[in-house]
Amino acid sequence: MSRISRRKVLAGSAVLGTTLVGTGIAREREPSRELTKVIEAHKAAYTTFMKAIRKPHGTRNDHTASSRAEEKALLAVCGFSAISETDRRAKATYLLQIEARGELDLREHMRAVLFAMM
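Fair warning: this is a prediction, and the values are worked out from it, not measured in the lab.

Student: Give me the overall build of the protein: which residues, what numbers.
Tutor: When its secondary structure is counted, the protein shows five helices and zero strands. Long-range contacts, defined here as pairs at least 24 residues apart, represent 68% of the contacts in the protein between residues at least 6 apart. Approximately 9,300 Å² of the protein is accessible, and the part contributed by carbon and sulfur atoms is 59%.

Student: Let's hear about the packing of aromatic side chains: which residues, and what values?
Tutor: Following the criterion strictly, the structure yields zero aromatic pairs and no others. Across from the ring centre of Tyr46, 4.1 Å away, lies the NZ or CZ of Arg101, which sits over that ring.

Student: Can you explain the pattern of salt bridges? Please cite residues and give values.
Tutor: Applying the stated criterion across every chain yields a total of four salt bridges. Here Glu103 makes a salt bridge to Arg101, at a shortest N to O gap of 3.3 Å. Within the structure, one salt-bridge network assembled from shared partners comprises Glu85, Arg88 and Arg89.

Student: Could you give an account of helix H5 (residues 107-117), with specific residues and numbers?
Tutor: For H5, every residue scored as buried is listed here: His109, Ala112, Val113 and Ala116. Each buried residue of H5 lies within a common arc of 100° when the element is viewed along its axis, so the set occupies one face. Seen from the buried face of H5, the exposed residues on the opposite side, beyond 90 degrees, are Arg107 and Phe115.

Student: Lay out the layout of surface pockets in plain terms, naming residues and giving numbers.
Tutor: One number sums up the size of the largest pocket: a volume of about 250 Å³. Together, 15 residues line the largest pocket, and Lys91, Ala92, Leu95, Val113 and Met117 are the ones closest to its centre. Contributing elements (two or more residues each) for the lining of the largest pocket: helix H4 (85-100) and H5. Element by element, the count of residues in the lining of the largest pocket is highest for H4, at six residues. Its residues placed into classes, the lining of the largest pocket shows 10 nonpolar, two polar and three charged.

Student: How would you summarise the environment of Arg68 if you had to cite specific residues and measurements?
Tutor: One can find Arg68 in helix H3 (residues 60-79). Arg68 sits 19 residues away from Phe49 along the chain, and the two C-alpha atoms are 8.9 Å apart.

Student: I'd like a description of the packing of helix H2 (residues 33-54) against H4, backed by residues and values.
Tutor: Where H2 meets H4, the closest approach of the two axes is 11 Å, and the angle between their N-to-C directions is 15°. In terms of orientation, H2 lies roughly parallel with respect to H4. By crossing handedness, the relation of H2 to H4 is classed as left-handed. Each of Leu35, Ile39, His42 and Lys43 in H2 lies in contact with H4, whose residues at this interface are Asp87, Ala90, Lys91, Tyr94 and Ile98. Its residues assigned to classes, the contact of H2 with H4 shows five nonpolar, one polar and three charged.

Student: I'd like a rundown of H2, residues and numbers included.
Tutor: Taking 1.5 Å of rise per residue, 22 residues should cover 32 Å, and H2 covers 31 Å from first to last C-alpha, within 8% of that figure. Those residues of H2 that fall on the buried side of the exposure criterion are Leu35, Val38, Ile39, His42, Ala45, Tyr46, Phe49, Met50 and Ala52. The buried residues of H2 occupy one face: seen down the axis, they fall within an arc of 155°. Turned more than 90 degrees away from the buried face of H2, the exposed residues are Arg33, Lys37, Lys51 and Arg54.

Procedures and definitions
Residues numbered from 1 in each chain as written. Predicted model: local features only at pLDDT ≥ 70, side-chain atom pairs only at ≥ 80, totals over all residues. Heavy atoms only, no water. Helix = DSSP H or I, 4+ residues; strand = E, 2+ residues; numbered from the N terminus. Contact = heavy atoms within 4.5 Å. Areas by Shrake-Rupley, 256 points an atom, 1.4 Å probe, with all protein chains shown as cover. Phe/Tyr/Trp six-rings, centres within 6.5 Å; stacked < 30°, edge-to-face > 60°. Lys NZ or Arg CZ within 6 Å of the ring centre and 35° of its normal. Salt bridge = Lys/Arg side-chain N within 4 Å of Asp/Glu carboxyl O. Buried < 20%, exposed > 50% of the residue type's maximum accessible area, 1.4 Å probe, protein only. Arc of directions from axis to C-beta. 1 Å grid on protein atoms, 1.4 Å probe; cavity = no way out; pocket = protein on both sides within 12 Å on 5 of 7 lines; lining within 4 Å. Points joined across faces, edges and corners; volume = space filled by probe spheres on them. Nonpolar A, V, L, I, M, F, W, Y, C, P; charged D, E, K, R; others polar. Axes fitted to C-alpha atoms, helices over the stretch in contact; angles between N-to-C directions. Parallel < 35°, antiparallel > 145°, perpendicular 65-115°, else oblique. Left-handed = near helix turned anticlockwise from the far one by under 90°. Expected span 1.5 Å × (residues − 1).

Don't take any of this as a statement about function, it's just geometry.
This is how it looks when you write it as structure tokens:
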């Protein structure tokens, strides 16, 4: 009868963990470049939109154009299909920040998030 000790199990899991890290299967620590680009594009569009709103002599068209660009960028974040655990966590964290500002309020946002999950 073979006896498996806790030490043998732990030693085996350490070898497995080292192998997984070496092959890149282990958890990633940073979001993918694709998600990072989508989020950065939204941040830039949001900054432009906020500058247009605060501009003292801006026209309504300035606000409308930047609003549409920001909305499109936010929909891209919502619709991003996050595959890895790190991307899912980064996307959820970012969208929760947007929602906390009260800006994740359109039906299209929720539809994009749900379709991205399929």
